[in-house]
Amino acid sequence: MKIELDKTYEAKKFEDEIYKTWEESGFFNPDNLKNAKKPYCILMPPPNVTGILHLGHALENSILDTEIRFRRMCGYKALLLPGADHAAVATQARVEKELQKSGIKNPREELGREKLLEKIREYSENSKSTILNQIRKMGTSCDWSRFAYTFDETRSRAVNTLFKKMYEDGLIYKGYRAVNWTVRGQSTCSDDELIYEDEPVTIYTFKYSHDFPIPIATTRPETKLGDTAVAVNPKDDRYNKYIGQKFTVSVGALNPLTITIIADENADINYGTGAVGVTPAHSMVDFEMYQKNKEIGIIPVIGPDGKMTENAGKNYEGLTVLEAREKFVNWLKENNLIIKQEESIHSVGKSDRFNDVIEVIPMKQWFIDVNKIIPGKNKSLKQLMKDVFTTGHNGKNKKIIKITPDRFLNSYMQWIDNLRDWCISRQIWWGHRIPVWYRGDKIFIPKTITELYITRHGITDWNKEGKIQGTTDTPLDEDSISNIELLANKLKNEKIDIIISSTQKRARQTAEIINQKLKIKFETNELLIERNYGDFEGQNLEKVKMKYPEYKKDKINFDIPGEEETYKEVKKRIEEFIKYINKNYSGKKILIITHNAVARAFYMIMKGAKDTEASKYKLQQGEIEKYCILDGNNPKDYKQDPDTLDTWFSSGAWTFSTLGWPDKTKDFKKFHPTQWMQMGYEILFFWMARMILMTTYAIDDIPFEEVYIHGILRSKEGKKFSKSLGNSLDPIEIIQNYGTDALRLSLIKGIAPGNDAKFYEEKVLGARNFINKLWNISRYILMSSDYVKLIKKQPRPITLADEWILRKLNTLIESATKDLKVHNFSMTSEALYDFTWTDFADWYIEISKVEKGKNEILLYILQTLLKLWHPFIPFITETIWKNIDSRLLMISSWPKSNKTKSDVLIEFGKLQEIIIAIRNLKNEHKIDLKTIIDCHIESEKYFELIVNQIGIIESLAKVKLTNEKYKDVVHISDVDIYIEITINEADKQKQIRETIAYINLIEEKLNNKKFTQRAPEHIIDNEKKKLKSAYDLLEKLK
RNA sequence: GGGUUCAUAGCUCAGUUGGUUAGAGCGUUACGUUGACAUCGUAAAGGUCAGAGGUUCAAAUCCUCUUGGACCCACCA
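Everything numeric here is computed off the predicted structure, so don't read it as measured data. (Residues numbered from 1 in each chain as written. Chains lettered and ligands numbered in written order. Predicted model: local features only at pLDDT ≥ 70, side-chain atom pairs only at ≥ 80, totals over all residues. Heavy atoms only, no water.)

Draft legend 1. Looking closely at the overall build of chain A. Across its full length, chain A holds 33 helices and 34 strands. In terms of C-alpha radius of gyration, chain A reaches 39 Å, well past the compact-globule figure of 31 Å for 1038 residues. Projecting the C-alpha coordinates of chain A onto the three principal axes gives extents of approximately 130 × 90 × 55 Å. Across the 1038 residues of chain A, 54% fall into the buried class. Long-range contacts, defined as pairs at least 24 residues apart, comprise 77% of the intrachain contacts of chain A with a sequence gap of at least 6. Per element, the accessible surface of chain A, about 48,400 Å² overall, is 48% carbon and sulfur. The centroid of the 158 positive side-chain charges in chain A is displaced by 3 Å from the centroid of its 148 negative side-chain charges. (Helix = DSSP H or I, 4+ residues; strand = E, 2+ residues; numbered from the N terminus. Rg over C-alpha atoms; globule rule 2.2 N^0.38 Å. Buried < 20%, exposed > 50% of the residue type's maximum accessible area, 1.4 Å probe, protein only. Contact = heavy atoms within 4.5 Å. Areas by Shrake-Rupley, 256 points an atom, 1.4 Å probe, with all protein chains shown as cover. Lys, Arg positive; Asp, Glu negative; His and termini not counted. Charge placed at Lys NZ, Arg CZ, Asp CG, Glu CD.)

Draft legend 2. Spatial organisation of the pattern of salt bridges. As enumerated under the stated definition, the model contains 54 salt bridges in all. Across the salt bridge formed by aspartate 143 and arginine 146, the nearest N and O atoms sit 2.6 Å from each other. Among the ionic pairs, aspartate 387 bridges to lysine 379, the shortest N-O distance being 2.6 Å. Lysine 379 sits in the partly exposed class, given a relative accessible area of 26%. One network of salt bridges, with partners in common, ties together Asp31, Asp143, Arg146 and Asp667. (Salt bridge = Lys/Arg side-chain N within 4 Å of Asp/Glu carboxyl O.)

Draft legend 3. Inspection of the sheet that holds strand E10 (residues 246–249) at higher detail. Strands sit in the order E10-E11-E9-E12 across an open sheet of 4 strands; the sheet is mixed. Sheet topology places E10 and strand E12 (275–278) at the edges, where each strand pairs with a single neighbour. Direction aside, the axes of adjacent strands within the sheet are offset by 25 degrees on average. As paired strands, strand E9 (residues 229–232) and E12 are joined by 4 bridges and run antiparallel to one another. Within E12, the position partnered with alanine 231 by the bridge is valine 276. (Pairing = 2+ DSSP bridges. Axes fitted to C-alpha atoms, helices over the stretch in contact; angles between N-to-C directions.)

Draft legend 4. Up close: helix H27 (residues 874–881). Of all the 8 residues making up H27, 8 are buried; the element is thus mostly covered by neighbouring parts of the structure. Every buried residue belonging to H27 is among Pro874, Phe875, Ile876, Thr877, Glu878, Thr879, Ile880 and Trp881, and all of these are buried. Buried residues along H27 sit against helix H1 (11–25), helix H2 (55–73), helix H4 (107–137), helix H22 (740–748), helix H23 (761–784) and helix H26 (855–869).

Draft legend 5. Summary view of the protein's contact with RNA strand B. Around RNA strand B, the structure places 59 residues, and the nearest of them are Ala217, Val276, Trp837, Lys930 and Arg1014. Backbone atoms, meaning sugar and phosphate, make up 65% of the atoms of RNA strand B lying within 4 Å of the protein. Between threonine 219 and RNA strand B, the recorded distance is 3.2 Å, taken from a side-chain N or O atom to a phosphate oxygen. Per-element tally for the surface near RNA strand B: the top contributor is H23, with 9 residues. Across the surface near RNA strand B, the residue classes break down as 23 nonpolar, 17 polar and 19 charged. (Near = heavy atom within 4 Å. Polar contact = N/O pair within 3.5 Å; in protein donor to acceptor, adjacent residues only side chain to side chain. Nonpolar A, V, L, I, M, F, W, Y, C, P; charged D, E, K, R; others polar.)

Draft legend 6. How the structure looks around the sheet that holds strand E25 (residues 639–640). The sheet built from 3 strands is open, its strands ordered E19-E18-E25 with antiparallel pairing. Whereas interior strands pair on both sides, the edge strands pair on one side only; in this sheet they are strand E19 (442–444) and E25. Here strand E18 (residues 437–439) runs beside E25; their pairing, made up of 2 bridges, is antiparallel. In the strand pairing of E25, tryptophan 437 is matched with glutamine 640.

Draft legend 7. How the structure looks around the packing of aromatic side chains. Going through the model one piece at a time under the given rule, you end up with 44 aromatic pairs. Measuring from centroid to centroid gives 5.1 Å for tryptophan 415 and phenylalanine 685, while their planes differ by 0 degrees, and the two rings are stacked. Taken together, the residues tryptophan 415 in helix H9 (residues 408–417) and phenylalanine 685 in helix H20 (residues 684–698) connect sequence positions 270 residues apart. Residue classification places tryptophan 415 among the buried positions, given a relative accessible area of 12%. Here tryptophan 869 and phenylalanine 872 contribute two aromatic rings whose centre-to-centre distance is 6.0 Å and whose plane-to-plane angle is 80 degrees, an arrangement assigned as edge-to-face. (Phe/Tyr/Trp six-rings, centres within 6.5 Å; stacked < 30°, edge-to-face > 60°.)

Draft legend 8. Up close: the confidence of the model for chain A. When pLDDT is averaged along chain A, the result is 90, and 96% of the positions lie at 70 or above. The element-level mean pLDDT for chain A is lowest in helix H14 (residues 550–553), coming to 50, with strand E2 (residues 77–81) highest at 98. Counted against residues more than four places away or in other chains, residues 534–539, with its pLDDT under 50, gives 13 contacts. Counting contacts from residues 556–563, a segment whose pLDDT is below 50, to residues more than four positions away or on other chains yields 19 contacts. At the level of chain-chain contacts, confidence expressed as ipTM amounts to 0.96, with global pTM at 0.91. (pLDDT = per-residue confidence, 0-100.)

Draft legend 9. Region of the structure containing the pairing of strand E5 (residues 172–182). Here E5 lies mainly inside the structure; 8 of its 11 residues are buried. Taking the residues between adjacent antiparallel strands as the criterion, E5 and strand E6 (residues 187–189) are bridged by 4 residues, where glutamine 186 takes a positive phi near 50 degrees.

Draft legend 10. Structural view of a positive patch on the surface. A contiguous patch of positive charge on the surface is contributed by Arg94, Lys97, Lys101, Arg184, Arg353 and Lys723. Summarising the element assignment, arginine 94 is placed in helix H3 (residues 88–101). (Patch = residues over 30% accessible without salt bridge, like charges linked within 9 Å, V, L, I, M, F, W, Y side chains within 5 Å.)

Draft legend 11. View of empty space enclosed by the protein. For the coordinates displayed, the defined rule picks out 8 cavities of 30 Å³ or more. Space inside the largest cavity adds up to approximately 70 Å³. Per element, the largest residue contribution to the lining of the largest cavity is 3 residues, and it comes from E6. Taken together, the residues of the lining of the largest cavity break down into 4 nonpolar, 4 polar and 4 charged. (1 Å grid on protein atoms, 1.4 Å probe; cavity = no way out; pocket = protein on both sides within 12 Å on 5 of 7 lines; lining within 4 Å. Points joined across faces, edges and corners; volume = space filled by probe spheres on them.)

Draft legend 12. Spotlight on the packing of H1 against H27. Axis separation between H1 and H27 bottoms out at 10 Å; the angle between their running directions is 80 degrees. Accordingly, the angle class assigned to the pair H1 and H27 is roughly perpendicular. Between H1 and H27, the contacting residues are Phe14, Glu15, Ile18, Tyr19 and Trp22 on the first element and Pro874, Phe875, Glu878 and Thr879 on the second. Broken down by class, the residue content of the contact of H1 with H27 amounts to 6 nonpolar, 1 polar and 2 charged. (Parallel < 35°, antiparallel > 145°, perpendicular 65-115°, else oblique.)

Draft legend 13. Expanded view of a nonpolar patch on the surface. Taken together, the side chains of Phe943, Val947 and Ile950 present a nonpolar region at the surface, about 270 Å² in accessible area. Structurally, valine 947 is set in helix H29 (residues 943–948). For valine 947, a relative accessible area of 42% gives the class partly exposed.

Draft legend 14. Layout of the side chain of histidine 936. For histidine 936, the position within the fold is in strand E31 (residues 933–938). A polar atom in the side chain of histidine 936 sits 2.8 Å from the backbone oxygen of threonine 962. Not counting the four nearest positions on each side in its chain, histidine 936 is found in contact with Thr962, Asn963, Glu964, Lys965, Asp976, Ile977 and Tyr978.

Draft legend 15. How the structure looks around the pairing of E2. Most of E2 sits inside the fold, with 5 of its 5 residues counted as buried. Across the two faces of E2 the burial is the same, with Lys77, Leu79 and Leu81 and Ala78 and Leu80 all buried. Note: strand E1 (residues 39–43) against E2, 5 bridges, orientation parallel. Residue pairing in the sheet places leucine 43 in a bridge with leucine 81 of E2. Since E1 and E2 lie parallel, the crossover through H2 that links them has a hand, and here it is right-handed. (Right-handed = clockwise from strand over helix to strand, strands pointing away.)

Draft legend 16. Structural context of the nonpolar core. Among the nonpolar cores identified, the biggest contains 121 residues, and Phe840, Tyr844, Ile861, Trp869, Ile873, Ile937 and Ile977 are the most heavily contacted of them. Within the second largest apolar cluster, 64 residues are counted, among which are Leu162, Ile368, Val388 and Met694. (Core = buried A, V, L, I, M, F, W, Y, C linked by side-chain atoms within 4.5 Å.)

Following this line, the structure appears as structure tokens:
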């Protein structure tokens, strides 16, 4: 069978189909790698659900996938676990911004919690599915069946479990502390979420009053309305006599300020006035001083709305910070209290998401205590975070994390030293709600949370007509089934444990349709049924009511006589049902399919609503109402904390939450700790530090054995890619133009770990050209082969060229394997590139056109090359492989090197040297390379070589070898080439000069006694050899 | 203030523990379309490895300093 391939490789034609083949093969899932034993697990850094794939993702995916494909081929149980991050602040900020654009000025106020969350959920789901498809486009071989989302059920459970554990260990506390506050975002943010920008400011040096002995300086005069102390250095002779004294000053605040003079080593005698005005409420550093000197007190003068509070005094209350600043400065001026006023540059902290100036404000928030000794550990979180890089976790050598490049360790350690308690509560709504409830003032963290998802049956014909159905067994309307399926899809991600439905047909039927998707436990329960009791069903209300004489007496709460059930009886029935749940399904997630009146009863019980509100409640079909039962208690007495958790709290748990923790799953046992982690240096503190914190604490282990840090991509001008700069490149567009393989190769070739790299289209173009070269190499071999089959054993070499190429190939296998084991992607790709294009295509394939009968060897080299290249450029290699073998290249085994002779390298090198010398001569004399000229070669040393390789020389250099000596001769070391071209005398002289200089260089070395005494023997021998052939050459040239 | 990092050909970068006359791609120049490939071939030009000093038999590589750029952390009263 003749194989036909297109003249050029068109990525678009193959990539989607190939990815589909891989995915359907099931081998992305390590469970299907039956022969593999040793696990190799990598967690994908989960992309945020705020946008689309950018170049950074493309880089990460290229690196991750190259690594995992290599490991898979090496026989590991390779798992690349994909995920996505709900990215709390980032996502909410994005959606709010878009809503504002569409005219909703204050989304939180106008929509309310539930509706805004619904909008964000919608946006994030869209964004998630887009970005996941784009990750498929990158060729990433991750196990989609294990996909994890930081905000899904399993991950939420991990977050809640972790929170509870840390709270019980006293590591999480609720405290009143100064926090970073974004007025625009109306939320706290951590120290790491600030970006600092230099801005011009005015520094005012002033005195609180004329009597006050110490002048102080500030860039934030308005905060001085809340000063409670002045700190001076105890060694400062000017001021130390005042230490401990209190001064009362009136600066216009609500109450006169009592300023205590305190001692603090941090006050620099030589800087400014040498004294620091202390505003505990509005400065992190000052707050720490307050903690050491609680007696000085704390007066907040700025509120969460960014306006001055009552404490600031009547003149200032309600003013913005800037207005207050101006007014206070004016007051100081009027009273001649300003001593100096100077302009300066100041770096101002801003919120990276909301881009407004951060105010430091004291608040009651949740914190993680990083200094507290962990019960039973005798160490703080800070110490745990350091240990993994120094002594190893629990002092074990094996539990030291290897970081590449290790220079990042320095800044990590420095960061840990400066770490303050981590504020984890946020006032935004998109995120894990803090799993804490309050009963009055008491904090309550339940052991088990039973979750009820209440929904109604699907629509029946009777519903359509507005009839009361009561105990009838009306079936579902055919048209409504698709709506129920939609509902089922929504529920799929919620990890429901059991479905309980009313026994009535319409509910049972609904449950069955849903369970076709969920495939979980399903039971029916009589307590959930609807009786002939439809008096609150809306449009029939009046009619029904009028049937009963009691209605006139007691307008709302009345009993219905006869067989029908009263409202109170329904409530009783549901209370009984809840008892049943608590007894049998405590801690589970339960989907309840029931009827309107029953749903209402749930509402009344769970929310503790008054009976008079009953008729106002209606659950629409298709809607879900969620309730939590906390340790079997009725939720109506408990109020959940309204705040959410910092998104990095859930990210910190990533390496184990993705593997099913807190359950002791098979995955967790097999794959944790993970083998390799990869991330950009910009999230080292955000993410790596937090993963280490969480894992060492909760799992008592390291999260990963190795972490590989990559740099960021920059434009040709060295700028960051960003939408706002308008210089961003869309990876998807690049893929469409050049193919995924070209993009991947251009991202990986020429990068060093931890270093930034410039990226531009020409690089992709170069990679694309290479891809095409590889295609054509394959095309030539496959099309000109007598047969195509899998060559399992290295064929026996026959000629020198065979020996040479196999030697080169085996060296390549060795170096590629060695380098990939230490994640040296760039170097490996360059070595492969060089071999493929230069050694294989330019030399060996050309030789194969002269020396026939290389079918098997060519196929063998091609197959080996496809394997070696596969981790980098999976699509084209798999596409070509399809023509060779029916099994997937993806799971073929990584090549092993064979023994080969090494001495052929010198011989073949000489052959190349001869050919290049002749080509060069022709070029210099403007003779078409293809023109065959006569040539005579003499060499004592390489006589045999030349005789044996006449064919190759004649064909690659396009010469005819003759016995006739021409007058003109070219010398290269140990070989004389006589040709019918007049040799340029100047060239000859130049060559002589160069050779002499070279000889001098070596002689100088060899004459140096220290060199001959101390250098290793093989180095000296080598120098001697070099000298000898240089002399020979010089002799001939003369 | 503490720390990290970069400077190698016109451009973008490799150069693994010090050891051939320092490499690649792009670009440039010259020549070339015979059946794998013009997304190509053949060859050439182009570098005092930022500067100075040191360690060493030997330095682009290790150390110190200088110059110029990038970055991180803290402080910024």
